[in-house]
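Working through the structure, step by step
Listed here are the chains, written in short residue letters.
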Amino acid sequence: GESVGLHLPTLSVQEGDNSIINCAYSNSASDYFIWYKQESGKGPQFIIDIRSNMDKRQGQRVTVLLNKTVKHLSLQIAATQPGDSAVYFCAERRNNNDMRFGAGTRLTVKP
Amino acid sequence: DAGVTQSPTHLIKTRGQHVTLRCSPISGHKSVSWYQQVLGQGPQFIFQYYEKEERGRGNFPDRFSARQFPNYSSELNVNALLLGDSALYLCASSEGVLDGYTFGSGTRLTVV
């Protein structure tokens, strides 16, 4: 079946380093992809999105890359800070507008 | 400005009981979606409502139902609760059906 999945369940980086979180998707009909950050006890918080007609989008300290050829999505966080520690989810929106989330990657930033 | 508000924040129910969870969207948002998040997993889509009509339904049993009111607030109802229904229930609102979501902090439901 089609799914959104993440390559690594955990990622540990040193404060100040760059972080890269990866995500694979398999539904070629998905037209919209979103990265969310979820801190303990809170709902997912929107970070950045990208539509299928783009391959890169930049925000403040974050960049999302979309490779439709291999159905791969990545989130790059520059100069990772302790406040970036959280679980990160990629999500794809399908034709019926439900958003499918991956299992998440837990990012830990070491001081 | 108030974000998406959900009530209650925590709830403990017994197997077989019924539960109603409530969500108030951001002012001006007409679409509300419900998600179930089991511990250690990503949110799973349950329902989407727009202008009081159901616009999408995930793979959940008929024990799960929802509705949206004229003021765009929404309720999620779950009947005949099972232990496996224990989860964080998230509500998300958006201006329209295809717009980005803003999530609430969720209702933590524990079924014992």
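1. As for the overall build of chain A
- Scanning chain A for helices and strands turns up zero helices and eleven strands.
- Starting at the N terminus and walking to the C terminus, you meet the elements of chain A as β-β-β-β-β-β-β-β-β-β-β.
- At 13 Å, chain A has a C-alpha radius of gyration in line with the 13 Å of a compact globule built from 111 residues.
- C-alpha extents for chain A along the principal axes are approximately 40 × 30 × 20 Å.
- Across chain A, the centroid of the 13 positively charged side chains sits 1 Å from that of the 10 negatively charged ones.

2. Focus on the overall build of chain B
- If you tally the helices and strands in chain B, you get zero helices and eleven strands.
- Element order for chain B, N to C, with α for helix and β for strand: β-β-β-β-β-β-β-β-β-β-β.
- The C-alpha radius of gyration computed for chain B amounts to 13 Å, which stays within 12% of the reference 13 Å derived for 112 residues, consistent with globular compactness.
- The principal-axis extent of the C-alpha atoms belonging to chain B is close to 35 × 25 × 25 Å.
- Evaluated residue by residue, chain B yields a buried proportion of 50% over its 112 residues.
- Restricting the contact set of chain B to residue pairs at least 6 apart, pairs at least 24 apart contribute 53%.
- On chain B, roughly 5,400 Å² of surface is accessible, and the fraction owed to carbon and sulfur atoms is 48%.
- Counting 10 positive and 9 negative side-chain charges, chain B places the centres of these two groups 9 Å from one another.

3. Concerning the interface of chain B and chain A
- Tallying the contact residues gives 19 residues for chain B and 17 residues for chain A.
- With both chains or domains summed, chain B and chain A bury close to 1,300 Å², and 51% of this area falls on carbon and sulfur atoms.
- Linking chain B to chain A there are two residue pairs in polar contact (both at pLDDT 80 or more).
- Elements that contribute at least two residues to the side of chain B that touches chain A include exactly β4 (31-37), β5 (44-50) and β9 (87-94) of chain B.
- Tallied by class, residues from the side of chain B that touches chain A come to nine nonpolar, eight polar and two charged.

4. Here's the deal with the state of the cysteines
- Counting across every chain of the model gives two disulfides over all chains.
- The disulfide that involves A:Cys23 links it to A:Cys90, with 1.8 Å between the sulfurs. The S-S bond linking A:Cys23 to A:Cys90 shows a torsion near 50°; that makes this disulfide right-handed. Of this pair, A:Cys23 sits in strand β3 (residues 19-25) while A:Cys90 sits in strand β9 (residues 86-93), and the two are 67 residues apart along the sequence. For the pair A:Cys23 and A:Cys90, one class covers both residues: buried.
- The disulfide partner of B:Cys23 is B:Cys91, and the S-S distance across this bridge is 1.8 Å. The disulfide joining B:Cys23 to B:Cys91 has a torsion of about -65° about its S-S bond and is therefore left-handed. Of this pair, B:Cys23 sits in strand β3 (residues 19-24) while B:Cys91 is found in strand β9, placing the two residues 68 residues apart along the sequence.

5. Thoughts on the packing of aromatic side chains
Residues and elements named next belong to chain B.
- By the definition in use, this model includes 13 aromatic pairs over all chains.
- For the pair Tyr35 and Tyr101, a centre-to-centre distance of 6.2 Å together with 65° between the ring planes defines the contact as edge-to-face. Highlighted residues: Tyr35 in strand β4 and Tyr101 in the loop between β9 and β10 (102-103), separated in sequence by 66 residues. Summarising the burial analysis for this pair, Tyr35 and Tyr101 share the class buried.

Analysis parameters
- Residues numbered from 1 in each chain as written.
- Chains lettered and ligands numbered in written order.
- Predicted model: local features only at pLDDT ≥ 70, side-chain atom pairs only at ≥ 80, totals over all residues.
- Heavy atoms only, no water.
- Helix = DSSP H or I, 4+ residues; strand = E, 2+ residues; numbered from the N terminus.
- Rg over C-alpha atoms; globule rule 2.2 N^0.38 Å.
- Lys, Arg positive; Asp, Glu negative; His and termini not counted.
- Charge placed at Lys NZ, Arg CZ, Asp CG, Glu CD.
- Buried < 20%, exposed > 50% of the residue type's maximum accessible area, 1.4 Å probe, protein only.
- Contact = heavy atoms within 4.5 Å.
- Areas by Shrake-Rupley, 256 points an atom, 1.4 Å probe, with all protein chains shown as cover.
- Buried area = accessible area lost by both parts, 1.4 Å probe.
- Polar contact = N/O pair within 3.5 Å; in protein donor to acceptor, adjacent residues only side chain to side chain.
- Nonpolar A, V, L, I, M, F, W, Y, C, P; charged D, E, K, R; others polar.
- Disulfide = S-S within 2.5 Å.
- Phe/Tyr/Trp six-rings, centres within 6.5 Å; stacked < 30°, edge-to-face > 60°.

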